[in-house]
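Examination of the molecular architecture
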Amino acid sequence: MNAKKHTPLSLHGLRLLFPPLATLGILFLTEWIARGSLTGETFTQYIFPHAEAYLLAWAMLFLSWLAVDWLTRFAPLATLLAAVLGCERPTTIEEKKRLALSGEPFLPWDLMQVSEAAGVAAAAGIHIQTSMVVSIVIIVLLVVVSFFLYRGRQKLNWKPRVAGFLASAAATCGLLFGVFLQPAVTQTIGIVPDAWMQDRYYRYYGVITSFLTNLTNL
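Scope of this entry: the structure provided in the associated data block. From a predicted model like this one, the values you see are computed outputs, not experimental measurements. Within every chain, residues take consecutive numbers counted from 1 along the sequence as written. Note on the predicted model: pLDDT of at least 70 is required for a residue's local features to be given, and 80 or more for side-chain atom pairs to be given and counted; whole-chain, interface and lining totals, by contrast, use all residues. As a convention, hydrogens and water are excluded, and side-chain values are obtained from all of the structure's heavy atoms.

**Points about unusual backbone geometry**
Here is the rule: Counting from the N terminus, the helices are DSSP H or I runs at least four residues long and the strands are E runs at least two residues long. A simple rule labels every residue: compare its accessible area, found with a 1.4 Å probe on the protein chains alone, to the largest value its type can have, and call it buried under 20%, exposed over 50%, or partly exposed in between.
Positioned with a positive phi, R73 is a non-glycine residue whose angle comes to about 55 degrees. Along the polypeptide, R73 turns up in the loop between α3 (51-72) and α4 (75-87). On the basis of relative accessibility, which here comes to 22%, the residue R73 falls in the partly exposed class.

Shown next, in the form of structure tokens:
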């Protein structure tokens, strides 16, 4: 009889550590793209004093990764979609248009004006930033690492997969509808609305949290 294969403890540990660390890295890439730079001042003046906002953003990315992974059992896809969820907003043409012309970040209601983006971006002379190129390279590396790290993972039947997906999807929805879209909750944890100074709001609370909390104003 063939002995049943067991996952080495070190590999199991790496598989447990990869999702939180990868999504944390994606969160920092998102901020780097949006801000143009990440310096010590960025952390001491904006990120650390408003850590709860960035923890919420990380939780959203992490739970989204888990939901996709449970559903598909294909970690590279989960990694790629988490990266798209985090980095897509600050890399849109509309975002670059606003930063170039008015200093305003990409807001939820700008989704209704996407048709204007290409022409205005061209007129503004907007170019691909170094942070975008480096972020793409890092994301590709994360996807490749996740492919090799989770290759040969034990297969599961549909029942635990559905249960895991439903649990992570429910947690994601709970975070979105129970926290991000509840001004009373976000204010309780220190995220103060700043409707008239959105550039400052984004600097303080980050791209993901600011974008999602602004959905209440859509």
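So, next bit.
**Some remarks on the nonpolar core**
Stated formally: In this description, a nonpolar core means a group of buried Ala, Val, Leu, Ile, Met, Phe, Trp, Tyr and Cys residues linked to one another through side-chain atoms lying within 4.5 Å.
Counting residues in each nonpolar core, the largest one holds 39 residues, and the members touching the most others are F18, I26, W65 and L175. Those elements that provide at least two residues to this core are α1 (9-35), α2 (40-47), α3, α4, α7 (130-150), α8 (158-180), α10 (198-205) and α11 (207-214). A total of 10 residues in this core trace back to one element, the largest contributor, which is α3.

**Brief notes about α3**
Quick note on the threshold: Between the first and last residue of a helix there are one fewer steps than residues, each counted as 1.5 Å, and that sum is the expected span.
The terminal C-alpha atoms of α3 lie 32 Å apart, and with 22 residues this matches the ideal 32 Å at 1.5 Å per residue to within 8%. After α3 finishes, the residue R73 shows a positive phi value of roughly 55 degrees.

**Thoughts on a nonpolar patch on the surface**
What counts here: The patches described consist of residues with a relative accessible area above 30% and no salt bridge, like charges being joined within 9 Å and nonpolar side chains (Val, Leu, Ile, Met, Phe, Trp, Tyr) within 5 Å. Residue exposure ignores everything except the shown protein chains as possible cover, and the areas themselves are Shrake-Rupley values with a 1.4 Å probe. Think of a salt bridge as a Lys or Arg side-chain nitrogen and an Asp or Glu carboxyl oxygen that are within 4 Å of each other.
On the surface, a cluster of nonpolar side chains totalling about 860 Å² of accessible area is made up of F74, L77, L80, L81, V84, I136, V140, V144, F147 and F148. Broken down by element, the nonpolar patch gets its largest block of residues, 5 residues, from α7. With respect to the helices, strands and loops of the structure, V144 is situated in helix α7. A residue is classified by how much of its surface remains accessible, and V144, at 39% relative accessible area, is partly exposed.

**Side note on the packing of aromatic side chains**
To describe a pair of aromatic rings, one takes the distance between the centres and the angle between the planes. Put simply, the rule is: Pairs were defined over the aromatic rings of Phe, Tyr and Trp, the Trp ring being its six-membered one, requiring ring centres within 6.5 Å. Orientation was assigned from the angle between planes: stacked under 30 degrees, edge-to-face over 60, tilted for the rest.
Throughout the structure, instances matching the rule amount to 10 aromatic pairs. When the ring of Y204 is compared with that of Y205, the centres are 6.1 Å apart and the planes differ by 85 degrees; the resulting orientation is edge-to-face. Taking the relative accessible area as the measure of exposure, Y205 reaches 5% and is therefore buried. Here a set of aromatic residues connected by ring pairs shows up, and it is made of Y46, Y201, Y204 and Y205.

**Here we look at the pattern of salt bridges**
Taken as a whole and judged by the stated rule, the model has 4 salt bridges. As a salt-bridge pair, R200 and D194 come within 2.7 Å of each other at their nearest N and O atoms. With a relative accessible area of 29%, R200 lands in the partly exposed category. Between R203 and D199 there is a salt bridge; the shortest N-O distance is 3.7 Å.

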